[in-house]
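Here's the letter readout for the chains.
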Amino acid sequence: MNSPRHFFLLGAAIAAGLLGFALYLQHGQGLQPCPFCVIQRYAFFVFVLVCLLGASVARRSARMFAILASLTGFIGAGTAGWHLWVKAHPAISCGIDPMETALNTLPTANWLPFLFKANGFCSTPTPPILGLSIPMWALLWFLVLALFMGWLSLRTRHPSWKPGF
């Protein structure tokens with residue numbers, strides 16, 4: 001792993017794997033995604049796209065894509081944090097509301113309904129996975145990916161960049 005390309009591909013693979021796990025939970029375990037879950041899926045999806053673009057550009061442009069990926073990760077973390085707040089306050093729901101309607105009318109919800117269609121309620125209790133709820137896992141991974149890409153953006157600011165561990 002001696003170029004930014006490998007780090008971008010690693011980040012894209014992790015985020016794509018997390019999207020795959022979300023699909024397994026939805027289609028294999030029957031957990032329907034709520035609007036916040038779908039927004040987090042969009043953030044992971046955009047993160048994958050930015051990382052793939054970052055892996056395909058010249059090394060001198062890598063920093064810009066690392067910054068964009070980091071920002072996407074922090075936006076996803078903010079959404080996951082808000083999702084946790086909603087789960088902690090059961091009186092507030094993001095169920096069938098304008099946000100769900102707006103999300104479900106986006107073209108991507110029609111093109112890829114298995115991935116981007118919101119059908120669940122944020123307040124629906126789900127069993128923890130290794131002691132953490134699904135939004136907690138999303139928050140953790142968004143922060144890890146955002147910090148990883150932030151680190152990459154700092155490491156790629158010099159043209160003679162070489163990884164140093």
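Parameters and conventions
Residues numbered from 1 in each chain as written. Predicted model: local features only at pLDDT ≥ 70, side-chain atom pairs only at ≥ 80, totals over all residues. Heavy atoms only, no water. Disulfide = S-S within 2.5 Å. Core = buried A, V, L, I, M, F, W, Y, C linked by side-chain atoms within 4.5 Å. Buried < 20%, exposed > 50% of the residue type's maximum accessible area, 1.4 Å probe, protein only. Helix = DSSP H or I, 4+ residues; strand = E, 2+ residues; numbered from the N terminus. Expected span 1.5 Å × (residues − 1). Contact = heavy atoms within 4.5 Å. Axes fitted to C-alpha atoms, helices over the stretch in contact; angles between N-to-C directions. Parallel < 35°, antiparallel > 145°, perpendicular 65-115°, else oblique.

Student: Can you break down the state of the cysteines residue by residue, with the values?
Tutor: Taken as a whole and judged by the stated rule, the model has zero disulfides. No disulfide involves C37; its sulfur sits 3.4 Å from the nearest other cysteine sulfur, which is in C34.

Student: I'd like to hear about the nonpolar core, residue by residue, with values.
Tutor: Generally speaking, soluble globular proteins have nonpolar side chains that are buried together. Core analysis: the largest hydrophobic core is formed by 24 residues, its most contacted members being F8, F44, F47, C51, F142 and M149. Among the elements that line this core, the one with the most residues is helix α2 (residues 35-56), at seven residues.

Student: Please provide a residue-by-residue account of helix α7 (residues 134-155), values included.
Tutor: Taking 1.5 Å of rise per residue, the 22 residues of α7 would be expected to cover 32 Å, and the 31 Å separating its terminal C-alpha atoms lies within 8% of that figure. Turning to α7, its buried residues number three or more, namely P135, A138, F142, L145, A146, F148, M149, G150, L152 and S153. On the buried face of α7, the contacting elements are α1 (4-28), α2 and α3 (62-88).

Student: Tell me about the packing of α2 against α3, and please be specific about residues and values.
Tutor: Where α2 contacts α3, the axes come no closer than 9 Å and their chain directions differ by 170°. When the interaxial angle is binned, α2 and α3 end up roughly antiparallel. Contacts between α2 and α3 involve F36, C37, I39, Q40, A43, V46, F47, V50, C51, L53 and G54 on the former and, on the latter, F65, L68, A69, T72, G73, G76, T79, A80, W82, H83 and V86.

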